[in-house]
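Structural description and commentary
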Amino acid sequence: MAPILPKISATAVSAEMRLAYVLHHFQQAYAGAATISIGYAGQQPQVEVADGAGDFFERQLPYPSAPNWREWQGRQLPFFFDLASDKPLLELRPDGRAIIHADLISAAFYLLSGWQEYFCEERDRHGRFPFSASVQHRYGFVAVPIVNYYFDILRAAVEHVTSQGLKPLRWAADAPFAAFITHDVDNLFSAWKAPAKAALLRYDWRNFGQRLWQHLTQRDAWDNLAEVQQMVASYGAKSTFFFLPEHRRSANGTPNADYKLRKIWPQAAVDKSEVGLHASLGTAVHAGRLKEDWLKIPVPCSGIRFHYLSWEPRITTTLLHIYNFTHDSTLGFAEHFGFRNSYCLPFQPFLFPNGTAASFLEIPLNVMDATLHHPNYLQLTPDEILPALTPMFQEIERFGGVCTVLWHNENFDPANTHNGPQQFRELMEYLCGRGATFVTGTEVVEILQPSPSD
Ligand SMILES: [Zn+2]
């Protein structure tokens, strides 16, 4: 049954609001960009952007017209709200001004704010905005951070005006990009269940008996947080564990945790890791239950990711903003790796009821283990995983972004040879080989220091 969607409660989003939201992020991405005026023709700015949105944002439609494709530095990129395809993308004028003939501000706002999800009515059976309903899917650019490319065009325009290079955001030790290694802890005691059930279905009583005996007498293969923490540490990285404080199933029977958090609190692994809240099913739309979950985490934590990547754009952003979470890392598509908001740096989601940036940082989720090999998602063979992800990693490196990886602790079980520990190691070796610096959510927040744009 389709979930009933909350009502739209968006303020009228003016051109000024869109400009403020986009420039706030452009200035976060490039230090020194704030000194140059960027805007539409009426403001007579130093960098002028064509106004191509018409009444699209007043009408609150989920999708704009199909984008024009234009080339920028050897890449074909989609430009929404581009009404002047006969004119060059970027005109660097001899008088020191610059004109961008596509409405990059509106297009960047549309993608970064998650406009499509907010105004679209489609949700999947878990209440999520489906990848199949996205412009990323329709026009085939989910693995390209289009907003970073738009900002690169703005950068070139600003550099023409100032005759000086703009400095992009810098990571520790001048690393070319960062990686955020995370584990949602859904299950700790269920490794034995699937093989035991399979034995039962084959009437293989002997094997079933062995599995049951092992379960009763030995540690479960998924009860492995210390091993996960150690493997991640061997690459010079710190794990972030998102713990799920609810063990009862959701109203529609979908499982939450298979453990009771207060009984298993793994202090030794936690001491060397970062802890976040893995908020249970239903909490993305329920302030009271979200708070209950949060209070059950026995140590202070201010970062969050929702179980099943649950996210209702019409409510969840406001909840996290009101509760002063410092960061979230839910926003990726379960069905496909890539960039749900077409951006590879952390950003402040748009608060539609207020017309401003939310106070928390979204550290976008780029790749989840389950996405790579799952009956409902992709079915990559182990050999296909790294080649499939490499172009996305290269985009993140190109723009000095953060690569967020979600690898569940249960997929560190050596019995998993599809998207298991070996495939995780290959990703980590790639990231290390490219010189990524590893960061926790808290460190990302410290580096970007968000401040509300109002
Ligand atoms: Zn989960």
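Keep in mind that this is a model prediction, so the values were computed, not measured.

Thresholds applied
In this convention, every chain numbers its residues from 1, walking through the sequence in written order. Thresholds applied to this predicted model are a pLDDT of at least 70 for local features of residues and 80 or more for the giving and counting of side-chain atom pairs; totals over whole chains, interfaces and linings are not thresholded and use all residues. The basis for every side-chain value is the complete set of heavy atoms in the structure, and neither hydrogens nor water enter the calculation. Atoms of type N, O and S within 2.8 Å of a metal are treated as its donors, and for Na, K and Ca the window is 3.2 Å; water is not considered, so some sites may appear to be missing partners. Geometry assignment treats four donors as tetrahedral when all angles are between 85 and 135 degrees, treats four as square planar and six as octahedral when opposite donors are over 155 degrees apart and all others between 65 and 115, and treats everything else as irregular. Segments assigned H or I by DSSP are reported as helices when at least four residues long, segments assigned E as strands when at least two residues long, and all are numbered from the N terminus. When a residue's accessible area, from a 1.4 Å probe over protein chains only, is under 20% of the maximum for its type it is buried; when over 50% it is exposed; and in between it is partly exposed. Put simply, two rings from Phe, Tyr or Trp (the six-membered ring, in Trp's case) pair if the centres are within 6.5 Å, and we call them stacked under 30 degrees between planes, edge-to-face over 60, tilted for the rest. For two strands to pair, DSSP has to find at least two bridges joining them. Only buried residues count toward a nonpolar core. Its members are Ala, Val, Leu, Ile, Met, Phe, Trp, Tyr and Cys residues joined through side-chain atoms within 4.5 Å. An automatic or database domain assignment supplies the residue ranges for each domain. Residues are treated as being in contact if the distance between any of their heavy atoms lies within 4.5 Å. To obtain the arc, one takes the directions from the helix axis to the C-beta atoms. Under this scheme, a helix contributes an axis fitted over its contacting stretch, all axes are lines through C-alpha atoms, and angles between N-to-C directions fall in the 0 to 180 degree range. Orientation is classified from the angle alone, with under 35 degrees giving roughly parallel, over 145 giving roughly antiparallel, 65 to 115 giving roughly perpendicular, and any other angle giving oblique. Crossing handedness follows the turn of the near helix against the far one: under a right angle anticlockwise gives a left-handed crossing, and clockwise gives a right-handed one. Counted as salt bridges are all cases of a side-chain nitrogen of Lys or Arg within 4 Å of a carboxyl oxygen of Asp or Glu. Accessible surface is computed with a 1.4 Å probe, and the buried area is the amount of it that two parts give up when combined, taken over both parts together.

Now for the coordination of the zinc ion. For the zinc ion, the full set of protein donor atoms is Asp186 (OD), Asp186 (OD), His278 (NE2) and His307 (ND1), and the range of their distances to it is 2.1 to 2.8 Å. Classification of the site at the zinc ion as irregular follows from its four donor atoms and the range of 51 to 135 degrees in their angles at the metal. Considered as a linear motif, the donors of the zinc ion on their single chain read D-x91-H-x28-H. Placement of the pair is Asp186 in the loop between strand S9 (178-185) and helix H7 (193-201) and His307 in the loop between strand S12 (303-306) and helix H13 (316-322), with a sequence separation of 121 residues. According to the relative accessible area criterion, Asp186 is buried, its value standing at 11%.

Turning our attention to the packing of aromatic side chains. One pass over the full model with this rule turns up 38 aromatic pairs. Each ring, one from Phe56 and one from Trp115, has its centre 6.0 Å from the other, and the planes form 40 degrees; the classification is tilted. Of the two residues, Phe56 sits in helix H2 (residues 56-59) while Trp115 sits in helix H4 (residues 115-119), which places them 59 residues apart along the sequence. Look at Phe80 and Phe141: their rings are 6.3 Å apart centre to centre, the planes differ by 65 degrees, and that puts the pair in the edge-to-face class. In this pair, Phe80 sits in the loop between strand S5 (75-79) and strand S6 (90-92) while Phe141 sits in the loop between helix H5 (135-139) and helix H6 (146-162), placing the two residues 61 residues apart along the sequence. You can call Phe80 buried: its relative accessible area is 1%.

Strand order in this open sheet of four strands is S2-S3-S7-S6, and the pairing throughout is mixed. Of all strands in the sheet, those with a lone pairing partner are strand S2 (38-39) and S6, marking the two edges.

Our focus in this paragraph is the pairing of strand S10 (residues 240-243). Neither face of S10 is open: one carries Thr240 and Phe242, the other Phe241 and Phe243, and all of them are buried. One ladder, built from four bridges, connects S9 with S10; its direction is parallel. Each bridged residue has a counterpart across the sheet, and for His183 the counterpart in S10 is Phe241.

One broad rule of soluble globular proteins: the nonpolar side chains tend to lie buried together. Among the nonpolar cores identified, the biggest contains 137 residues, and Phe26, Phe151, Ile181, Phe243, Leu290 and Leu431 are the most heavily contacted of them. Here this core gets 11 residues from one element, more than from any other, and that element is H6. A domain split of this core shows at least three residues from each of domain 1 (15-168) and domain 2 (172-188 + 223-448). Once you skip the residues sitting within four places of it in the chain, Phe151 turns out to touch Val22, His25, Phe26, Ala29, Tyr30, Ala108 and Tyr343.

Inspection of helix H12 (residues 287-295) places Leu290, Asp293 and Trp294 among the buried residues, and these make up the whole buried set. Mapping the buried residues of H12 onto a view down its axis gives an arc of 100 degrees, with all of them on the same face. Buried residues along H12 sit in contact with strand S11 (274-279), S12 and H13.

Describing two packed helices takes the angle between their axes plus the distance from one axis to the other. Following both chains from N to C, one finds helix H3 (residues 104-112) and H6 inclined at 155 degrees, their axes separated by 9 Å at the closest point. Comparing their axes, H6 and H3 come out roughly antiparallel. Of the two elements, H3 crosses H6, and the hand of that crossing is left-handed. Facing H3, whose interface residues are Leu104, Ala107, Ala108, Leu111 and Leu112, H6 presents Ile146, Val147, Tyr150, Phe151, Ile153 and Leu154.

Within the structure shown, the criterion is met by 17 salt bridges. The shortest N-O distance in the salt bridge between Glu159 and Arg155 comes to 2.7 Å. Of this pair, Glu159 and Arg155 both sit in helix H6, four residues apart, which is roughly one turn of the helix. Taking relative accessible area as the criterion, Arg155 reaches 16% and is therefore assigned buried. Of the charged contacts, one joins Glu246 and Arg248 as a salt bridge, the two residues approaching to 2.9 Å between their closest N and O atoms. Given a relative accessible area of 52%, Arg248 falls into the exposed group. Linked by salt bridges that have partners in common, Asp152, Arg155 and Glu159 make up one network.

Next up on the list: the pairing of strand S4 (residues 68-72). Where S4 meets S5, five bridges bridge the pair, whose relative direction is antiparallel. Directly across from Asn68, in S5, lies its bridge partner Phe79. Hairpin connection between S4 and S5: a loop of two residues separates the two successive antiparallel strands, and Gln73 in this loop has a positive phi of roughly 50 degrees.

Attention now goes to the domain arrangement of the chain. Assigned domains of the chain: these are domain 1 (15-168) and domain 2 (172-188 + 223-448). Distance from the C-alpha centre of domain 1 to the C-alpha centre of domain 2: 27 Å. Counting residues at the interface gives 41 residues for domain 1, matched by 37 residues for domain 2. Interface of domain 1 and domain 2: buried area, both sides summed, is about 3,500 Å²; carbon and sulfur atoms make up 53% of it. When residues of domain 1 are sorted by the area they lose upon contact with domain 2, Tyr118, Arg128 and Asn148 head the list and together hold 20% of the total.

Time to look at the environment of Gly165. Mapped onto the elements, Gly165 comes out in the loop between H6 and strand S8 (167-168). Gly165 gets classed as exposed once you look at its relative accessible area, which sits at 60%. Measuring from C-alpha to C-alpha, the distance between Gly165 and Leu112 comes to 25 Å, with 53 residues separating the pair along the chain.

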